[in-house]
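The residues making up each chain are set out below.
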Amino acid sequence: MTHQLVPFSQFVLKVHSRCDLACDHCYVYEHADTSWRGRPRAISEPVLARTAERIAEHARTHRLPAVHVVLHGGEPLLAGPRLLRRAAELLRAALPPGCELDLRIHTNGVRLDRAFCALFDELDIKVGISLDGDAAANDRHRRFADGRSSHAKVLAAVALLRSPEFRHLYAGLLCTIDVANDPIAVYEALRALEPPRIDFLLPHATWDQPPKRPAELGEHPYAHWLLAIHRRWEQQGRPFPVRTFDSVHRTLHGGASLTEALGLDPADLVVIETDGSFEQADSLKTAYDGAPATGFDVFTDTLDEVARHPGMQARQSGLAGLNATCRACPVVRSCGGGLFAHRWRTGAGFDNPSVFCGDLMRLITTIRDRIAPTATAPLGGPSTEQSGTEQPGTEQPGTELPGTDRLGPDQLGQLARGHGDAATVAALAAGQLDLTRRLLAAVGRQAGEAWQLLTELDATAPAAVDAVLAHPYVRSWAVGLLRAEPGDPAAEPDTLAEIAAAALIRAGRDAELPVPVRGGAIQLPTLGRVLVGGAGPAVLRGGADRFTVRSAAGVTRVVGFDQPTDPGWLPVRRLGFAGGWSVAVEDTDPQRDCHRWPAEQRLTEAALGDWTGALREAWELLLRDLPQYAAGIAAGLTTITPLRPGPGGRQLGSTARQAFGAVALARPRTAPDLALLLVREFQQVKLGAVVDFHDLYDRADRRLHPAPWAADPQSVAELFPGAYGRLAVTEFWGSRVAAYAGVGGEAAEHARERFRVERERTDRAIDTLLGSGSLTPLGERFAAGLRESLPDGGAEAPADRPLGADRPAPAGR
């Protein structure tokens, strides 16, 4: 296993190493590192030219679409206009075609005048300003060496940037927190300057030099300070981005952080000093003298060599690079252990939680509870403005709102071993239903009449609503709507009316609701499809034993549940089998086309009969040979979606990450093959539901590992579900070996060979997972549980006992 190199895309270029202010909280001059004393005051043109060449070389090697360069210091304006112009020219001239330059300068603002602004306008250099709030807050630290205030000069600089002539250069404000300052006064002073964005920074501190914590401000003063601002910012409708808050919101929803100080994403930033030395992040200057040094420079070393420096790789190693306390923390995906520098303690190095650990925990959990309260709420609960729930459409792509985990310790243990009884899978289903309710609340509030009806039904007939919301493709639709760009015609927000109509019919309520007509039909999730012809909206009226649809084309269709099948009514057909499994064959819902392979059209009665027979045989085989899987399937596999046959008779099986309870299959030739597909695919359904609430691995870890079942290497995020599914495949073939015990012939030999291959593949995958350094403690428990359940090589014992459970794990695990 090798560490995958993460290319740099952010470059901090020190153009001057001195400053015209004497801020007493500055990490460059007032903390542990003293390397600034031996560096040239200003960067030279040869260093600039070689730096530009190194960045261009790196961009060309890794085909970077853009690089982000910040001209920094000290105070970069001390470098003067000629040197700043030359830096911009050299950087732009060197970059390869197709690679954009995002060039910025970060300044204290006291020297920023119209001439500098005109230069930055010409060179397209955006400007960020350091400002700690109103005059009292700013002058607490940001003063000239003789004690004079810098506040008025900074305000004059910001006024220039706010002017129409230069407004496009205004990049934002950076504020270092001091808990002695009034947070709301600071925030309002900054808000008055109309910033495009604000970044609030924790003061740099370590376990050796901890931050000040006034006793009267409580145990977590930095969290309380930020949370006061967060509440005001939310109340004002988030008037501008705040990087700390946005990063917490994004990471809570599974997205990437916007700052190295939060989240598990690998750091991709490098510093170039005025003498051409490559250094790690400037914040490390607060740890110890020489902490950021790499020993590399622009004249002798490539940026790929710098990226392989142990310190750089430590900041790119995500969860694996954290100490045990952080890895076990429930908010580690958002916190990420905090800023690397803030973990320093003499004797233990950086193998510690952040010195701001308690504050980060309080900040993240409070924001989490504000934007998505964990208690299950009715659909018609308080509005988002009242409850603090995320506004519809603001969630990060690929994520969903938090819900409630219903698993007990024993149930989590069952799932860790790859199995799960009926109660365990029912608990997974309950948690998924809660997630779907929250997703629906995020997308439904603007749906008018349909949403109002659905919330009324939720209060009077909640079982009817739950029956519809438990449909796998309701959630996949809601997630797709949240991911969709504004105006995307594929988003279909009026699907909510179909959901409400299905609940109305299930509740037997006599009421009317406009519903969409697509392709000449009305879709009713969990119930079926009504053919009405034409286009435009129709009106559906519910009732105790029938419902009526009146289309815009003048077609009226009455569907009675106790009458023979109407050719215009295509109901969802349900199959029931001995042993307690009831499953819907979903071949009408357009939302089912979210799987990897294309869905089959409506099954004929003959085709449905073939499916029924095959599923019955497969189910009987699972009950007999794999009861440790059958119980969970009966409790959680509610929907079979037929797929079109694969090329050359290929056996196709698929699950959709956001469609809990559904497995899509192309019907194979034999019942054992169908049983194998069912048990393998439902493993993915179970693990996906676990991952919605529990971190098993570092989701930001992009390293690739050999996959025993694939030609291409895979990430841990791909390898883990692969191993989870392969355990079931191995146990299936173990059961076939047991079935053929004492019997010779080709079938028995084939079963033994498949068992040997699958067992070896699964065992190797578990080894890779345990050695990846990417697993959380719970992930390690799951990997160990898979090994515990992995059958012994003989596999002659009955498959309904955990074969190999008494076999010790290899040494070193």
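Further up the page is the structure itself.
All values reported here derive from a predicted model rather than from experimental measurement. (Residues numbered from 1 in each chain as written. Predicted model: local features only at pLDDT ≥ 70, side-chain atom pairs only at ≥ 80, totals over all residues. Heavy atoms only, no water.)

Overview of the overall build of the protein
Put simply, the test is: By definition, any uninterrupted DSSP run of H or I lasting at least four residues is a helix, any uninterrupted run of E lasting at least two residues is a strand, and each is numbered from the N terminus. Summary of the burial criterion: residues with accessible area below 20% of their type's maximum are buried, those above 50% are exposed, and those between are partly exposed, where the area comes from a 1.4 Å probe applied to protein chains only. Note on definitions: a residue-residue contact is assigned when non-hydrogen atoms from the two residues lie within 4.5 Å. The Shrake-Rupley method, run with a 1.4 Å probe, gives the accessible areas here. Residue values count only the displayed protein chains as cover. Counting rule for charge: Lys and Arg are taken as positive, Asp and Glu as negative, and neither His nor the chain ends is counted. For this purpose, a charge sits on NZ of Lys, CZ of Arg, CG of Asp or CD of Glu.
In terms of helices and strands, the protein carries 26 helices and 21 strands. Referenced to the eigenvectors of the C-alpha coordinate spread, the extents of the protein come out at roughly 90 × 65 × 55 Å. Every one of the 813 residues in the protein was classed for burial, and the buried ones make up 55%. Excluding contacts between residues fewer than 6 apart, the proportion of contacts in the protein whose partners are at least 24 apart in sequence is 69%. Counting every atom, the protein has about 32,200 Å² of accessible surface; 52% of that belongs to carbon and sulfur. Here the protein carries 88 positive and 99 negative side-chain charges, and the mean point of each set is 1 Å from the other.

What about the sheet that holds strand 12 (residues 528-531)?
For the record, the criterion: Pairs of strands are assigned from DSSP output, requiring at least two bridges between the strands. Throughout, an axis means a line fitted to C-alpha atoms (over the contacting stretch in the case of helices), and angles, computed between N-to-C directions, take values from 0 to 180 degrees.
Read from one edge to the other, the open sheet built from three strands follows the order 11-12-16, with strand pairing classed as antiparallel. Of all the strands in the sheet, just strand 11 (521-524) and strand 16 (569-571) have a single pairing partner and so form its edges. Strand after strand, the sheet turns through a mean of 10° between neighbouring axes, direction not considered. With three bridges connecting them, strand 12 and strand 16 associate as antiparallel partners. Bridging from a neighbouring strand, Gly 528 pairs with Pro 571 of strand 16.

Digging into the packing of helix 24 (residues 716-739) against helix 26 (residues 777-789)
When two helices pack together, you describe them by how their axes are tilted relative to each other and by the distance separating the axes. Heads up, the rule is: Here the angle decides the label: under 35 degrees means roughly parallel, over 145 means roughly antiparallel, 65 to 115 means roughly perpendicular, and every other value means oblique. Whether a crossing is left-handed or right-handed is set by the direction in which the near helix is turned from the far one by less than a right angle, anticlockwise for left-handed and clockwise for right-handed. Nonpolar residues are Ala, Val, Leu, Ile, Met, Phe, Trp, Tyr, Cys and Pro. Charged residues are Asp, Glu, Lys and Arg, and all others, Gly as well, are polar.
Their axes nearest at 10 Å, the elements helix 24 and helix 26 cross at an angle of 20°. One element, helix 24, and the other, helix 26, form an angle in the roughly parallel class. Of the two possible hands of crossing, helix 24 and helix 26 adopt the one that is left-handed. Along its contact with helix 24, which presents Phe 720, Ala 723, Tyr 724, Leu 727 and Glu 731, the element helix 26 presents Gly 779, Phe 782, Ala 783, Leu 786 and Ser 789. Here the contact of helix 24 with helix 26 is built from residues that sort into seven nonpolar, two polar and one charged.

As for unusual backbone geometry
With an omega of 20°, the peptide bond between Gly 73 and Gly 74 qualifies as cis. Examined against the element boundaries, Gly 74 turns out to sit in the loop between strand 2 (66-72) and helix 2 (80-94). One non-glycine residue with positive phi stands out, namely Arg 63, at about 50°. Tracing the chain through its elements places Arg 63 in the loop between helix 1 (45-62) and strand 2.

Re empty space enclosed by the protein
Basically, it comes down to this: Grid points spaced at 1 Å and placed over the protein atoms alone form the basis of the search, with a cavity being a set where a 1.4 Å probe fits but cannot get out and a pocket an open set showing protein on both sides within 12 Å along at least five of seven lines. Lining residues have an atom within 4 Å of a point. Grid points are joined across faces, edges and corners, and a volume is the space filled by probe spheres set on the points.
Using the criterion set out here, one finds three cavities of 30 Å³ or more in the structure. Taken as a whole, the largest cavity holds about 150 Å³ of empty space. Gly 263, Asp 265, Arg 315, Gly 336 and Arg 343 are the residues nearest the centre of the largest cavity, which is lined by 15 residues in total. For the lining of the largest cavity, the per-class residue count stands at five nonpolar, six polar and four charged. Taken as a whole, the second largest cavity encloses approximately 60 Å³ of empty space.

Comments concerning the pairing of strand 12
The pairing of strand 11 with strand 12 spans four bridges and is antiparallel. When the sheet's bridge partners are listed, Ala 521 is paired in strand 12 with Leu 531. Once strand 11 ends, the chain turns through three residues before running back antiparallel as strand 12, passing Thr 526 with a positive phi of about 80°.

Some thoughts on the nonpolar core
Quick note on the threshold: The set of buried Ala, Val, Leu, Ile, Met, Phe, Trp, Tyr and Cys residues whose side-chain atoms join them within 4.5 Å is what this entry labels a nonpolar core.
Judged by nonpolar contacts, the single largest core of 96 residues is most densely connected at Leu 71, Leu 84, Leu 112, Phe 120 and Phe 200. In contact with Leu 71, not counting residues within four places along its chain, are Leu 13, Val 15, Pro 76, Leu 84, Ala 87, Leu 103, Arg 104, Ile 105, His 106 and Ile 125.

Comments concerning the packing of helix 6 (residues 183-191) against helix 7 (residues 221-235)
For the pair helix 6 and helix 7, interaxial distance at closest approach is 9 Å and the crossing angle is 50°. With respect to helix 7, the element helix 6 is oriented oblique. For the pair helix 6 and helix 7, the crossing hand works out as right-handed. For the pair formed by helix 6 and helix 7, the contact residues are Pro 183, Ile 184, Val 186, Tyr 187 and Glu 188 on the first element and Trp 225, Ala 228, Ile 229, Arg 232 and Trp 233 on the second. Of the residues in the contact of helix 6 with helix 7, the class split is eight nonpolar, no polar and two charged.

Examining the side chain of His 595
Mapped onto the elements, His 595 comes out in the loop between strand 18 (581-585) and helix 21 (605-625). When its relative accessible area of 10% is taken as the criterion, His 595 is described as buried. Each residue touching His 595, except ones within four places of it in the same chain, is listed here: Tyr 473, Ser 654, Thr 655, Ala 656 and Ala 664.

Remarks on the pattern of salt bridges
How we decide: Put simply, a salt bridge is a Lys or Arg side-chain nitrogen that is within 4 Å of an Asp or Glu carboxyl oxygen.
Summed over the entire model, instances satisfying the criterion amount to 58 salt bridges. Lys 212 is the salt-bridge partner of Asp 178, the closest N and O atoms lying 2.8 Å from each other. Of the two residues, Asp 178 is situated in the loop between strand 5 (170-176) and helix 6 and Lys 212 in the loop between strand 6 (198-201) and helix 7; the sequence distance between them amounts to 34 residues. Relative accessible area serves as the criterion here: at 4%, Asp 178 is assigned to the buried category. Look at the salt bridges and you will find they share partners, linking Lys 14, Arg 39, Glu 273, Asp 275, Glu 279, Asp 282 and Lys 285 into a network.

Overview of the packing of aromatic side chains
We count it as follows: Note on aromatic pairs: the rings of Phe, Tyr and Trp (six-membered ring only in Trp) are paired at centre separations within 6.5 Å, and the planes decide the class, stacked below 30 degrees, edge-to-face beyond 60, tilted for the rest.
Using the criterion set out here, one finds 14 aromatic pairs in the structure. Where Tyr 187 meets Phe 240, the ring centres are 6.0 Å apart and the plane angle is 45°; that geometry is what we call tilted. Within this pair, whereas Tyr 187 is found in helix 6, its partner Phe 240 is found in the loop between helix 7 and helix 8 (243-252), the two being separated by 53 residues in sequence. A single burial state applies to Tyr 187 and to Phe 240, both of which are buried. Plain terms: the ring middles of Trp 233 and Phe 245 are 5.2 Å apart, the flat faces sit at 45° to each other, and that makes the pair tilted. Highlighted residues: Trp 233 in helix 7 and Phe 245 in helix 8, separated in sequence by 12 residues. Of the two residues, Trp 233 and Phe 245, both sit in the buried class.

Digging into the sheet that holds strand 15 (residues 556-560)
Spatially, the four strands line up as an open sheet ordered 10-13-14-15, and their pairing is antiparallel. Each having just a single partner strand, strand 10 (512-515) and strand 15 make up the two edges of the open sheet. Across the sheet, the axes of successive neighbouring strands diverge by a mean angle of 20°, strand direction being ignored. Direction of pairing for strand 10 relative to strand 13 (residues 538-541): antiparallel, over a ladder of four bridges. Bridging across to strand 13, Val 515 finds its partner in Ala 538. Together, strand 10, strand 13 and strand 14 (546-550) form the strand contacts of helix 20 (residues 495-507), whose direction differs from that of strand 10 by roughly 150°.

Quick word on the pairing of strand 14
Covered by surrounding structure in strand 14 are Phe 547 and Val 549 only, the residues Arg 546, Thr 548 and Arg 550 on the alternate face being uncovered. Here strand 13 runs beside strand 14; their pairing, made up of three bridges, is antiparallel. Looking across to strand 14, one finds that Val 539 is bridged to Arg 550. The turn linking strand 13 back onto strand 14 is made up of four residues. Sheet topology note: the strand 14/strand 15 ladder contains five bridges and is antiparallel. Residue pairing for strand 15: Arg 546 is matched across the bridge by Gly 560.

Quick word on the environment of Gly 321
In this fold, Gly 321 is placed in the loop between helix 10 (310-314) and helix 11 (324-327). Judged by relative accessible area, which is 32%, Gly 321 ranks as partly exposed.

Looking at helix 17 (residues 449-460)
Spelled out, the test is: Helix span, as expected, comes to 1.5 Å for every residue beyond the first.
The terminal C-alpha atoms of helix 17, which comprises 12 residues, lie 17 Å apart, in line with the 16 Å expected from a rise of 1.5 Å per residue. Those residues of helix 17 hidden inside the fold are in contact with helix 16 (422-444), helix 18 (462-469), helix 20 and strand 10.

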